[in-house]
Number of protein chains: 2
Amino acid sequence: MSETIFTYGSPHLKYGTGAVTELGHDATTLGARSAAVVSDPGVAAAGIVTPVVEALETSGLRVDVFTDSHVEPTDASLEEATAWARQHGPWDVIVAVGGGSSIDTAKAINLMTTNDGELMDYVNAPVGGGANPTKPLVPLIAVPTTTGTGSESTTICVLDVLEQNVKTGISHPALRPRMAVIDPDLTISQPAGVTAASGMDILCHALESYTAKPYTEFARKKAEERVPYCGANPISDMWSREAVRLLAGSFRTAVQSGHDAEARGAMALAATFAGMGFGNAGVHLPHANAYPIAGMVRDFRPDGYDADHAMVPHGMAVALTAPAAFALLYPANPERHHEMAALLEPGTSVSDLGRDALPNALRRLMRDIGFPNGLAAVGYSDADLARLVEGTMKQQRLLATAPVEITEADVERVLRESMTLW
Amino acid sequence: MSETIFTYGSPHLKYGTGAVTELGHDATTLGARSAAVVSDPGVAAAGIVTPVVEALETSGLRVDVFTDSHVEPTDASLEEATAWARQHGPWDVIVAVGGGSSIDTAKAINLMTTNDGELMDYVNAPVGGGANPTKPLVPLIAVPTTTGTGSESTTICVLDVLEQNVKTGISHPALRPRMAVIDPDLTISQPAGVTAASGMDILCHALESYTAKPYTEFARKKAEERVPYCGANPISDMWSREAVRLLAGSFRTAVQSGHDAEARGAMALAATFAGMGFGNAGVHLPHANAYPIAGMVRDFRPDGYDADHAMVPHGMAVALTAPAAFALLYPANPERHHEMAALLEPGTSVSDLGRDALPNALRRLMRDIGFPNGLAAVGYSDADLARLVEGTMKQQRLLATAPVEITEADVERVLRESMTLW
């Protein structure tokens, strides 16, 4: 019997210039008298943490501050955060300020200060124990400073488990932030390279959600088997379309003119909209490919990131295989691929549509925003294909959301075609 | 200084055939061991309460049942409900099963079993004391059985205060249901007249939200001054457009062929979408007019309702003045009125657009679904205009959401033009 039900959850939102100054009021409305502020060194250095702490303290909250979130959290970094939190917490509310890494670290801190056991107990099986929290978490307020990740809308904390050399997550509805505070001014200082990579992440969230397997094509689940990611559905479709429409009008401008407040505002909104979509539908092949592409990096260092180590930013790792992935998946639902191509390039005429319309629109966009020209440009060659394929195939949770079954041969073809994009 | 911030809140949703059978699981996931089921005699007689109670009891919850919600709640009916609830409660969760009346009664029960004081303490000033709850409410799960009201998405409990002969409400973010469970099968038995009136309510929710004063045109509020209804904004706009798109494809069919599951499903979804929109943007002139039109009814009895008293159903009271109201408000934003006319009648050509496009589309729709031909057909004449105008002008909370200032002369003109629609 096929599925008849879909679910939808989202944080409450406060959006707009100055929203961050109201955090103290928002926290006290939740009944909070104490708060942990969770951030990372870069965000702290940019001066964004101090006003958040002041807004909370002005409203009478006792505040502890953690600014050591690791960019791309690992089990080790989350265990350090947990040790700090169990020493200083618990708190009535947790406020995450930063990109996906800070928000995900805050989710882990929330879980580990309200529930017993060790971090690995809660990590998805088979990597971890796959346990569910047994006690309620406290409200988490997410203040994203990097447009893109959508972590403010989702139920997952992504981490690298170092010993097993695998990226996985902790996933539970209780991890979803209670509230997201989106102040587009916080992203004005974001470098062009970061805007480009995180913008492609937003776009792929929307495109993958919209082309995901429809919820009605899954087998009927029991109530206790439902997961937050339930496939494409009328609500995630709406958010995804609107996110792409917003990006089409703002993305190139936001990269080229970072101080364009209107473009920044539209990008911040698009990030949230796409998060509301994929946070309920799910993502698939490009995101599955991103795990080994980011994980096996050798010496690539992207513009705009001052990381002290080689990295392929998440949004870049996702987007580089997106043209080939959407060409592969086109036959599953040509109409949806056409719709997205037309939203992304509003001038598209009907005669331009077809299998290559969306992939070519993505290639033109990536070239315009200064992306590297394919996997080869970030350090991979055909000699890496076997290991990359292996890494992608481990992401069965994501691949299950693809509209058709994905084989090793499919993945290899997509990766091979992604070595050079134009 | 003008407003830069908007807010957005919504219940979590579970949508689809069979959703209601999972209520026990959903309640226990919220940590509940006891529940009140709140409904009304009509819904109970239709056999919809029993399976809800069984679903909860099967999951081990202790359940108390209240099926005496009054259609169109009054202070007296809510005080009776409160007396019952304070005798039998409190509970860990409250499950409302029915139309807006049952859901609003459940909101009052939730408030009055978790907070001290009397009902009138919490009713909007100046009718009541305008107090805010000081203690947290328990989660409310709304199971709408009548498409339309959107109460499952909103923060308000509407009631008639009998002694003052005025319709008002209790409004606070804490009243918003935590979860809405939308099972379109529950609406299959809804009579055509009820589908017609509640469908027009849905449509007016979407049209009024979309044409509401934009949030950026209000004065800048302090954090503690924010209200759930913040004017038209990018998120409410999106829900409103999508609700109208869904209605355009399903409304006439759902009225004419009540057992058309696809049309019923689309209507149930449209009701929810419109609720997500107006629950954050607000409604204005047609809804303000509806209060005196419903409140001053003499002897009109609508098809499809087996009420034991004269009534103008809420959706009908709203919609009868909508054509004239939108003609009045057209100059504030012609483009938005054109967009809505084109969504409602997808064949609309550009040459058909203009001030009368949306009003005429509404007239055609109301005639097709068997609506009475204007205020005269539900018992009003020009002799009633002065009192009707007075009743509308009392709804300043709603009129403040209109895109322009509304004068008594405006209201009189709209009401006069609404006496006969075609």
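Under an unreviewed UniProt entry, the name given to chain A is hydroxyacid-oxoacid transhydrogenase, and the source organism is Dermacoccus barathri.

*Asks:* Hey, could you go over the sheet that holds strand β5 (residues 93-98) of chain A for me, with residue numbers and the actual values?
*Replies:* Spatially, the 7 strands line up as an open sheet ordered β4(A)-β3(A)-β5(A)-β6(A)-β9(A)-β2(A)-β1(B), and their pairing is mixed. A single partner strand is all that each edge strand has here, and the edge strands are β4 (62-66) of chain A together with β1 (6-8) of chain B. Strand-to-strand twist of the sheet, defined as the mean angle between neighbouring strand axes without regard to direction, takes the value 15 degrees.

*Asks:* With reference to specific residues and values, describe the UniProt feature "domain: Alcohol dehydrogenase iron-type/glycerol dehydrogenase GldA" (unreviewed entry) in chain A.
*Replies:* With numbering matched to this structure, UniProt assigns "domain: Alcohol dehydrogenase iron-type/glycerol dehydrogenase GldA" (unreviewed entry) to residues 13-184 of chain A. End C-alpha atoms of residues 13-184 of chain A are separated by 13 Å, and the span's content is 32% helix alongside 23% strand.

*Asks:* How would you explain a negative patch on the surface if you had to name every residue and give the values?
*Replies:* Residue and element names in this part refer to chain A. On the surface, a cluster of negative charge is contributed by D68, E79, E80, E118 and D121. Considering the arrangement of structural elements, one finds D68 in the loop between β4 and α4 (75-88). A residue is classified by how much of its surface remains accessible, and D68, at 55% relative accessible area, is exposed.

*Asks:* Could you give an account of the side chain of D183 of chain B, naming the residues involved and the relevant values?
*Replies:* In this fold, D183 of chain B is placed in the loop between β9 (179-182) and α7 (192-210). Aside from chain neighbours lying at most four places away, what touches D183 of chain B is G16, T17, G18, A19 and V20 of chain B.

*Asks:* Break down the pairing of strand β2 (residues 12-15) of chain A for me, citing the residues and quoting the values.
*Replies:* Note on strand geometry: in a regular strand, side chains alternate between the two faces of the sheet. The pairing of β2 of chain A with strand β9 (residues 179-182) of chain A spans 4 bridges and is classified as parallel. Within β9 of chain A, the position partnered with K14 of chain A by the bridge is V181 of chain A. Here β2 of chain A pairs with β1 of chain B via 3 bridges, running antiparallel. Of the residues in β1 of chain B, the one forming a bridge with Y15 of chain A is F6 of chain B.

*Asks:* I'd like a rundown of the sheet that holds β9 of chain B, residues and numbers included.
*Replies:* What the 7 strands build is an open sheet, ordered β1(A)-β2(B)-β9(B)-β6(B)-β5(B)-β3(B)-β4(B); its pairing is mixed. Looking at the sheet topology across the chains shown, the edges are occupied by β1 (5-8) of chain A together with β4 (62-66) of chain B. Ignoring which end each strand starts from, the neighbouring axes of this sheet average 15 degrees apart. Of the pairings in the sheet, the one linking strand β3 (residues 34-38) of chain B to β4 of chain B comprises 5 bridges and is parallel in character. Across the sheet, residue V37 of chain B finds its bridge partner in β4 of chain B, namely V65 of chain B.

*Asks:* I'd like a rundown of the relation of the copies chain A and chain B, residues and numbers included.
*Replies:* In the superposition of chain A on chain B (RMSD 0.0 Å, axial shift 0.0 Å), the rotation amounts to 180 degrees. Both copies are brought into coincidence by an operation consistent with a two-fold rotation axis. Same-surface contact between copies: 100% of interface residues of chain A are shared with the interface of chain B.

*Asks:* Which residues make up the domain arrangement of chain A, and what are the values?
*Replies:* Residue and element names in this part refer to chain A. The domain architecture assigned to chain A consists of domain 1 (18-182) and domain 2 (189-417). Put simply, the middle of domain 1 and the middle of domain 2, counted by C-alpha atoms, are 25 Å apart. On the domain 2 side, the residues contacting the 21 residues of domain 1 number 22 residues. Summing the contributions of domain 1 and of domain 2, the shared interface buries around 1700 Å²; its carbon and sulfur component is 56%. Per-residue buried area on domain 1 facing domain 2 is highest for T147, G148 and K167; these three make up 29% of the total on that side. The tally of links from domain 1 across to domain 2 stands at 0 salt bridges. Put simply, domain 1 and domain 2 have 0 residue pairs in polar contact (both at pLDDT 80 or more) between them. Those elements that provide at least two residues to the side of domain 1 that touches domain 2 are β7 (156-161) and β8 (166-171).

*Asks:* Residues and numbers for the UniProt feature "domain: Fe-containing alcohol dehydrogenase-like C-terminal" (unreviewed entry) in chain A, please.
*Replies:* UniProt's entry tags residues 195-419 of chain A with the feature "domain: Fe-containing alcohol dehydrogenase-like C-terminal" (unreviewed entry), counted in the numbering of this structure. The span residues 195-419 of chain A is 57% helical and 0% strand by assignment, and the distance between its end C-alpha atoms comes to 23 Å.

*Asks:* Tell me about the interface of chain A and chain B, residues and numbers included.
*Replies:* Interface size, as often reported, equals the accessible area lost upon joining of the parts. Facing 33 residues of chain A, the contacting portion of chain B comprises 33 residues. Roughly 2700 Å² is buried in total at the junction of chain A and chain B, and carbon and sulfur atoms are behind 62% of that figure. Viewed at the interface, chain B and chain A are joined by 4 salt bridges. Residues E22 of chain B and R226 of chain A are paired through a salt bridge, measuring 2.7 Å at the closest nitrogen-oxygen approach. Elements with a minimum of two residues in the side of chain A that touches chain B: β1, β2, α8 (234-248) and α10 (261-281) of chain A. The element that contributes the greatest number of residues to the side of chain A that touches chain B is α8 of chain A, accounting for 6 residues. Of the residues that constitute the side of chain A that touches chain B, the class distribution is 14 nonpolar, 9 polar and 10 charged.

*Asks:* Outline the environment of T146 of chain A, listing residues and values.
*Replies:* Residues and elements named next belong to chain A. Topologically, T146 is positioned in the loop between β6 (140-144) and β7. In this structure, the C-alpha to C-alpha distance between T146 and L399, residues 253 residues apart in sequence, is 26 Å. Beyond its immediate stretch of four places on either side in the chain, T146 contacts G98, G99, Q190, V194 and S198.

*Asks:* Go over the nonpolar core with me, naming the residues and quoting the values.
*Replies:* M200, W239 and L362 of chain A together with M200, W239 and L362 of chain B are the most contacted members of the largest nonpolar core, which has 175 residues in total. Every residue in contact with W239 of chain B, bar those within four places of it in the chain, is listed here: Y8, I235, M238 and W239 of chain A together with Y8, F273, M276 and G277 of chain B.

*Asks:* Could you give an account of the pattern of salt bridges, naming the residues involved and the relevant values?
*Replies:* Taken as a whole, this structure holds 40 salt bridges over all chains when the rule is applied. Measuring nitrogen to oxygen at the nearest pair gives 2.6 Å for the salt bridge that ties R336 of chain A to D237 of chain A. With R336 of chain A in helix α14 (residues 334-344) and D237 of chain A in helix α8, the pair connects residues that are 99 residues apart, well separated along the chain. Owing to a relative accessible area of 19%, R336 of chain A belongs among the buried residues under this scheme. E345 of chain B is the salt-bridge partner of R364 of chain B, the closest N and O atoms lying 2.8 Å from each other. Taken together, the residues R364 of chain B in helix α15 (residues 357-368) and E345 of chain B in the loop between α14 (334-344) and α15 connect sequence positions 19 residues apart. Beyond isolated ion pairs, a larger network of salt bridges with shared partners links E3, R220, K221 and R226 of chain A together with K14, E22 and D26 of chain B.

*Asks:* Now, about the packing of aromatic side chains: what can you tell me, with residues and values included?
*Replies:* In the structure shown here, the tally under the stated rule is 13 aromatic pairs over all chains. Judged by centre distance (5.0 Å) and plane angle (75 degrees), the ring pair of W239 of chain A and F273 of chain A falls under edge-to-face. Of this pair, W239 of chain A sits in helix α8 while F273 of chain A sits in helix α10, placing them 34 residues apart in sequence. Comparing W239 of chain A with F273 of chain A shows no difference in burial state: the two are buried. Among the aromatic side chains, those forming a connected cluster through ring pairs are Y8, W239 and F273 of chain A together with Y8, W239 and F273 of chain B.

*Asks:* Talk me through the pairing of strand β2 (residues 12-16) of chain B; I want residue IDs and the actual numbers.
*Replies:* Of all 5 residues making up β2 of chain B, 4 are buried, and the element is well covered by its neighbours. Relative to β2 of chain B, β1 of chain A is paired through 4 bridges, and the arrangement is antiparallel. The residue of β2 of chain B that forms the bridge with T7 of chain A is K14 of chain B.

*Asks:* Help me get a handle on the environment of V244 of chain A, residues and values and all.
*Replies:* All names here are of chain A. Along the chain, V244 turns up in helix α8. V244 sits in the buried class, given a relative accessible area of 0%. As a C-alpha pair, V244 and A270 span 26 residues in sequence and 7.3 Å in three-dimensional space.

*Asks:* Give a detailed account of the packing of helix α8 (residues 234-248) of chain B against α14 of chain B, specifying residues and quantitative values.
*Replies:* All names here are of chain B. α14 packs onto α8 with a crossing angle of 30 degrees between their chain directions and a minimal axis gap of 8 Å. The segment α8 lies against α14, with D237, S240, R241, V244, R245 and A248 engaging R336, E339, M340, L343 and L344. Of the residues that constitute the contact of α8 with α14, the class distribution is 5 nonpolar, 1 polar and 5 charged.

Parameters at a glance
Residues numbered from 1 in each chain as written. Chains lettered and ligands numbered in written order. Predicted model: local features only at pLDDT ≥ 70, side-chain atom pairs only at ≥ 80, totals over all residues. Heavy atoms only, no water. Pairing = 2+ DSSP bridges. Helix = DSSP H or I, 4+ residues; strand = E, 2+ residues; numbered from the N terminus. Axes fitted to C-alpha atoms, helices over the stretch in contact; angles between N-to-C directions. UniProt positions renumbered as here; feature names shortened; annotations may be inferred. Patch = residues over 30% accessible without salt bridge, like charges linked within 9 Å, V, L, I, M, F, W, Y side chains within 5 Å. Areas by Shrake-Rupley, 256 points an atom, 1.4 Å probe, with all protein chains shown as cover. Salt bridge = Lys/Arg side-chain N within 4 Å of Asp/Glu carboxyl O. Lys, Arg positive; Asp, Glu negative; His and termini not counted. Charge placed at Lys NZ, Arg CZ, Asp CG, Glu CD. Buried < 20%, exposed > 50% of the residue type's maximum accessible area, 1.4 Å probe, protein only. Contact = heavy atoms within 4.5 Å. Least-squares fit on C-alpha atoms with pLDDT ≥ 70 in both. Domains from an automatic or database assignment. Buried area = accessible area lost by both parts, 1.4 Å probe. Polar contact = N/O pair within 3.5 Å; in protein donor to acceptor, adjacent residues only side chain to side chain. Nonpolar A, V, L, I, M, F, W, Y, C, P; charged D, E, K, R; others polar. Core = buried A, V, L, I, M, F, W, Y, C linked by side-chain atoms within 4.5 Å. Phe/Tyr/Trp six-rings, centres within 6.5 Å; stacked < 30°, edge-to-face > 60°.

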